[in-house]
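Breakdown of the fold
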There are 4 protein chains.
Amino acid sequence: MAPTPDPSRRSAASRRAVLDAALELVQEVPYARLSIEGIAARARVGKQTIYRWWPSKAAILLDAFLALSEGDDGQAPVLPDTGDLVADLRLVLRATVAELTDPRLDAPMRALAAEAVHDATVAELYRDRLDGPLRDAKRQRLRSAQEAGQLAADVDLDVAVDLVWGPVLSRWLHRSGPLTEEFADQVLDAALDGLRARPGR
Amino acid sequence: MAPTPDPSRRSAASRRAVLDAALELVQEVPYARLSIEGIAARARVGKQTIYRWWPSKAAILLDAFLALSEGDDGQAPVLPDTGDLVADLRLVLRATVAELTDPRLDAPMRALAAEAVHDATVAELYRDRLDGPLRDAKRQRLRSAQEAGQLAADVDLDVAVDLVWGPVLSRWLHRSGPLTEEFADQVLDAALDGLRARPGR
Amino acid sequence: MAPTPDPSRRSAASRRAVLDAALELVQEVPYARLSIEGIAARARVGKQTIYRWWPSKAAILLDAFLALSEGDDGQAPVLPDTGDLVADLRLVLRATVAELTDPRLDAPMRALAAEAVHDATVAELYRDRLDGPLRDAKRQRLRSAQEAGQLAADVDLDVAVDLVWGPVLSRWLHRSGPLTEEFADQVLDAALDGLRARPGR
Amino acid sequence: MAPTPDPSRRSAASRRAVLDAALELVQEVPYARLSIEGIAARARVGKQTIYRWWPSKAAILLDAFLALSEGDDGQAPVLPDTGDLVADLRLVLRATVAELTDPRLDAPMRALAAEAVHDATVAELYRDRLDGPLRDAKRQRLRSAQEAGQLAADVDLDVAVDLVWGPVLSRWLHRSGPLTEEFADQVLDAALDGLRARPGR
DNA sequence: TCATAACCGAGACGGTACGTCGGGTCTTGTA
DNA sequence: TACAAGACCCGACGTACCGTCTCGGTTATGA
């Protein structure tokens, strides 16, 4: 159905220009005013070139966002594993908070996240290309901890990932409170030790 | 500057018609195609009437959504408090999952949530009129548990709320996995008891 | 089929602005570059306003052209009838030549004529609103001459009109030679007296 | 500046394909939708091939049209000269009418004529390659008649040509009436004998 | 004989304009 | 004065072509 043109003839310069323009614009103007027309104009590129290679505005943003984290190219992300679960997770969760509050990343990530919220197609793209690999890494680190006997054996790792990162993501998306390192630490502690009052603690 | 029209002369019929039309349309068409023009046409209402009474599309959705949960009118929500924290929270968290998966509520809630993700103004509206009262109730229930010695004394209640509901919201928004009662229960158990492996458990 | 909006709500200012802009542009730029987009921009008018009220670019030109000859408003044109057929026709045919060579009229008339050449719909519009009334006047003047015994009784008046004006129009359209008063006079003389050599002439 | 490619290497097959495609398309679709892109696609030819060999769409049409009347190749056209001026002209004028009403020729001729109306460059092409030789032949036949004393000595031959063919062309272009053999005959009679009432006729 | 230069098909590219949709404002007539 | 209706200016949509520009591939000489 999709005529999908020959990628070998694709202009790398145009691709970069579009991605850069998208990133610039998503930070300059409110999301609702981000238009393909505007991206094309800023990138000095014909609109057709955009429509030829990207199926949606969200797909551009996704590519643009992936292009931001250039170094990781190719290899799947891996979480640090020093053996000290708490320290490792604290590091990573703080990094997550730092990313989410980085003004350079906030705008495109919000744009993507919002798009994913109401469009399952975009959600799938987002999951496959951005969140998925990262989630695998998180699950992997927790599995390692579980195997080392540091994590309860009966805990579903997907649940565990959501328990640690869910609160942070939720607070970021809903702006339901300040998103700080302190919050990250509190969440981590609570997630590991539980909310319940326990004697001998 | 704002003309702020006289609310006493407002047509209740038009208000209802707009809200109903918005709810119908948000379920019929993909969110991107939900237009004020379309709502006005469906509601047999002049566009000006909408612009007179609502500041944004999101505000319409919010009103429409509030109108859905009519019974709660006025009084602030309260969580059950039978003394059995686990049972109470399980009930409520399952109810949350039920709401989020109710096809009748899913569409407008997603629309609102997405709008809130990229627009801080909408996020505030959302927080004040929808999420806020509910969050207070959650915090209140947890405070009661804390006072009863069921919750660790040093736990920040906002962190606690996010630890319990954050994973559910996050999974809903990102569609990162199936959103089931079982998941709710797992999250609750993990949140209360922690992920960490502990002897004597 | 056509939704044809209510003409009573039409903005007279926009109408004028569009017509003026069209006339200006058709004289400034080659016809192929005359765009509705350009007319709308020049007229400071939304494109939709043009599409609402005119079915085609040619229709705009036609209205614009009719607006040029403002004085004639309403009343049908009449050719002079002094009794002296030759003098009357000479006057009118020279006026035709003058119009066709007037740089202010040449551009829009060519645009219209060309459009009419390949589009029968436009040709009909053109005939009904521009050429028709004028042709009636010509026929009427010739009929009067015929009744006065100045024109051969067996001549079809439509043929007669074409014999007098056809050569001029043809030369204008095809630029097959200089379009001068002298040419008009020669055509008129030849049309009245015929090409054939005759004794006693 | 112009690279002027080597004509000896030109692909005759491509030339034919373009000309054929142009003729087909000009008859299938309204002129405004006739695109070089479309011609190239139909002819299975690269766009560059068209741009290399033809300066404009009109030039393609002209070539295509000339290719239709293949037989006349090279030699200039000549009008019959039997000595009987009326019979000869009647024959030719009827043939003109037949051509103009031939549905196979009508579309490309209209396209060309319309293009010539608003573009003086095309008009020149048209005159030089199509109309010019024919006009010479007409003038030649009339000169012969004039020398034989059949045509008034003081008649300008260009005026004479326009007097005979102008009405027919004009009616064709403006569709101002039915274009029939009868009309041709009437025009011819009127042109030769004049419109004026004359005693002894 | 074979390189090498042209034409060729294909089609991506930066652009301009198309005709449509919707945004938010303003006007008109009715209740 | 609120309302239904809808015209208005404007900006963006996604598409069609423009004319230019590579890309391989195939002829078709001329070193």
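Residues numbered from 1 in each chain as written. Chains lettered and ligands numbered in written order. Predicted model: local features only at pLDDT ≥ 70, side-chain atom pairs only at ≥ 80, totals over all residues. Heavy atoms only, no water.

Scanning chain A from terminus to terminus reveals nine helices and zero strands. Reading chain A from its N terminus to its C terminus gives the helix and strand order α-α-α-α-α-α-α-α-α. Principal axes of the C-alpha set define a box for chain A whose edges measure 70 × 35 × 30 Å. Scored against the burial criterion, the 201 residues of chain A give a buried share of 47%. (Helix = DSSP H or I, 4+ residues; strand = E, 2+ residues; numbered from the N terminus. Buried < 20%, exposed > 50% of the residue type's maximum accessible area, 1.4 Å probe, protein only.)

Bringing the domain arrangement of chain A into the picture now. All names here are of chain A. In terms of domain boundaries, chain A breaks down into domain 1 (7-54) and domain 2 (85-193). The straight-line distance from the C-alpha centre of domain 1 to that of domain 2 is 30 Å. Between domain 1 and domain 2, the residue contacts involve four residues of the former and six residues of the latter. Interface of domain 1 and domain 2: buried area, both sides summed, is about 430 Å²; carbon and sulfur atoms make up 61% of it. When residues of domain 1 are sorted by the area they lose upon contact with domain 2, Val-26, Gln-27 and Tyr-31 head the list and together hold 86% of the total. (Domains from an automatic or database assignment. Contact = heavy atoms within 4.5 Å. Buried area = accessible area lost by both parts, 1.4 Å probe.)

The full set close to DNA strand F counts 38 residues, and Tyr-51 of chain A, Ser-11 and Trp-53 of chain B, Trp-53 of chain C together with Gln-48 of chain D are the nearest of them. By atom count, sugar and phosphate contribute 69% of the portion of DNA strand F lying within 4 Å of the protein. Within the side chain of Arg-44 of chain C, a nitrogen or oxygen atom sits 3.3 Å from a phosphate oxygen of DNA strand F. Between a phosphate oxygen of DNA strand F and a side-chain N or O atom of Trp-53 of chain C, the distance comes to 2.5 Å. Listed by contribution, the elements that provide at least two residues to the surface near DNA strand F are helix H2 (36-43) and helix H3 (47-53) of chain A, helix H3 (47-53) of chain B, helix H3 (47-53) of chain C together with helix H2 (36-43) and helix H3 (47-53) of chain D. Among the elements that take part in the surface near DNA strand F, H3 of chain C stands out by supplying four residues, more than any other. (Near = heavy atom within 4 Å. Polar contact = N/O pair within 3.5 Å; in protein donor to acceptor, adjacent residues only side chain to side chain.)

A few words on the interface of chain C and chain D. If you look at the interface, chain C gives 48 residues, while chain D gives 48 residues. With both sides pooled, the region where chain C packs onto chain D buries about 4400 Å², and carbon together with sulfur makes up 63% of that total. Counting the surface chain C buries against chain D, the share from its top three residues, Val-117, His-174 and Leu-195 of chain C, is 18%. At the junction of chain C and chain D, the tally comes to four salt bridges. The closest approach of N and O atoms between Asp-162 of chain C and Arg-171 of chain D, which form a salt bridge, is 3.1 Å. (Salt bridge = Lys/Arg side-chain N within 4 Å of Asp/Glu carboxyl O.)

Attention now goes to the relation of the copies chain C and chain D. Both copies of the chain are tied together by a single rotation about an axis and a shift running along it. With an RMSD of 0.2 Å, the operation that places chain C on chain D is a rotation of 179 degrees combined with a shift of 0.0 Å along the axis. The superposition of one copy onto the other is thereby described by a two-fold rotation axis. For chain C, the residue whose C-alpha comes nearest the rotation axis is Gly-194 of chain C, separated from it by 1.7 Å. Mapped onto chain D, 100% of the interface residues of chain C again fall at the interface, so both copies present the same surface. (Least-squares fit on C-alpha atoms with pLDDT ≥ 70 in both.)

Taken together, 38 residues lie near DNA strand E, and Trp-53 of chain A, Lys-47 and Gln-48 of chain B together with Glu-37 and Tyr-51 of chain C sit nearest. What you see for DNA strand E is that sugar and phosphate hold 68% of its atoms within 4 Å of the protein. At a separation of 2.7 Å, a base oxygen of DNA strand E approaches a polar side-chain atom of Lys-47 of chain C. Contact between DNA strand E and Asp-6 of chain D: a phosphate oxygen at 3.3 Å from a main-chain N or O atom of the residue. Of all the secondary-structure elements, those providing two or more residues to the surface near DNA strand E are H3 of chain A, helix H2 (36-43) and H3 of chain B, helix H2 (36-43) and H3 of chain C together with H3 of chain D. Tallying contributions element by element places H3 of chain A first for the surface near DNA strand E, with four residues.

On to the interface of chain A and chain B. Taken together, the contacts link 48 residues of chain A with 48 residues of chain B. Note on chain A versus chain B: buried area summed over both sides is about 4400 Å², and carbon and sulfur give 63% of it. If you sort the residues of chain A by the area they bury against chain B, Val-117, His-174 and Leu-195 of chain A come out on top, with a joint share of 18%. At the junction of chain A with chain B, the criterion picks out four salt bridges.

At their nearest point, the C-alpha atoms of chain B and chain C are still 16 Å apart, with no contact between the two. For chain B and chain D, which are not in contact, the least C-alpha distance works out to 31 Å.

One broad rule of soluble globular proteins: the nonpolar side chains tend to lie buried together. Core analysis: the biggest nonpolar cluster contains 144 residues, and Leu-195 of chain C together with Leu-195 of chain D have the highest contact counts within it. When near neighbours in sequence (up to four residues on either side) are disregarded, Leu-195 of chain C contacts Ala-190 of chain C together with Leu-151, Ala-152, Val-155, Ala-160, Leu-163, Val-164, Ala-191 and Leu-192 of chain D. Membership of the second largest hydrophobic core comes to 141 residues, among which are Ala-152 of chain A together with Tyr-31, Leu-79 and Ala-160 of chain B. (Core = buried A, V, L, I, M, F, W, Y, C linked by side-chain atoms within 4.5 Å.)

So, about the UniProt feature "DNA-binding region" (unreviewed entry) in chain A. According to UniProt, the feature "DNA-binding region" (unreviewed entry) maps to residues 35-54 of chain A in the numbering used here. Overall, residues 35-54 of chain A shows 75% helix and 0% strand. The separation of its end C-alpha atoms is 14 Å. (UniProt positions renumbered as here; feature names shortened; annotations may be inferred.)

Further remarks concern the packing of aromatic side chains. According to the stated counting rule, one finds zero aromatic pairs over all chains in the structure shown. Lying across the ring of Trp-54 of chain B, Arg-10 of chain B places its NZ or CZ 4.7 Å from the centre. It is Arg-171 of chain C that lies over the ring of Phe-183 of chain C; its NZ or CZ is 3.7 Å from the centre. (Phe/Tyr/Trp six-rings, centres within 6.5 Å; stacked < 30°, edge-to-face > 60°. Lys NZ or Arg CZ within 6 Å of the ring centre and 35° of its normal.)

To continue, consider the environment of Ala-43 of chain B. Within the secondary structure, Ala-43 of chain B is located in helix H2. Apart from residues no more than four positions distant in its own chain, Ala-43 of chain B is found in contact with Ala-17, Val-18 and Ala-21 of chain B.

Here the focus is the packing of helix H7 (residues 120-147) of chain C against helix H8 (residues 157-174) of chain C. All names here are of chain C. Direction vectors running N to C along H7 and H8 enclose 110 degrees, while the axes themselves pass 9 Å from each other. Here H8 runs roughly perpendicular to H7, going by the angle between their axes. Classified by chirality, the crossing of H8 by H7 is right-handed. Where H7 abuts H8, its residues Arg-135, Lys-138, Arg-139, Leu-142, Arg-143 and Gln-146 lie against Leu-157, Asp-158, Ala-160, Val-161, Asp-162 and Trp-165. By residue class, the composition of the contact of H7 with H8 is five nonpolar, one polar and six charged. (Axes fitted to C-alpha atoms, helices over the stretch in contact; angles between N-to-C directions. Parallel < 35°, antiparallel > 145°, perpendicular 65-115°, else oblique. Left-handed = near helix turned anticlockwise from the far one by under 90°. Nonpolar A, V, L, I, M, F, W, Y, C, P; charged D, E, K, R; others polar.)

Below, the discussion takes up unusual backbone geometry. Positive phi, close to 50 degrees, is recorded for Arg-175 of chain A, a residue that is not glycine. Secondary-structure assignment places Arg-175 of chain A in the loop between helix H8 (157-174) and helix H9 (181-193).

Moving on, we come to helix H5 (residues 85-101) of chain A. Each full turn of the α-helix corresponds to 3.6 residues, which orients residues three or four apart in the same direction. All names here are of chain A. Taking 1.5 Å per residue, 17 residues should reach 24 Å; H5 reaches 24 Å between its end C-alpha atoms and fits that length. For H5, the set of buried residues is Leu-85, Asp-88, Leu-89, Val-92, Leu-93, Thr-96, Val-97 and Leu-100. The arc that holds every buried residue of H5, seen down its axis, measures 165 degrees, which confines them to one face. On its buried face, H5 is in contact with helix H6 (103-118), helix H7 (120-147), H8 and H9. The opening residue of H5, the one whose side-chain oxygen lies 3.3 Å from the backbone nitrogen of Val-86, is Asp-84. (Expected span 1.5 Å × (residues − 1). Arc of directions from axis to C-beta.)

All names here are of chain B. Enumeration according to the criterion identifies 72 salt bridges over all chains in this entry. Residue Asp-185 pairs with Arg-90 through a salt bridge whose shortest N-O separation is 3.7 Å. In this pair, Asp-185 sits in helix H9 (residues 181-193) while Arg-90 sits in helix H5 (residues 85-101), placing the two residues 95 residues apart along the sequence. Asp-185 sits in the buried class, given a relative accessible area of 14%. The partly exposed category is assigned to Arg-90, whose relative accessible area is 24%.

A separate point is the environment of Pro-133 of chain B. On the secondary structure map, Pro-133 of chain B appears in helix H7 (residues 120-147). Between the alpha carbons of Pro-133 of chain B and Leu-163 of chain B there is a distance of 18 Å; along the sequence they are 30 residues apart.

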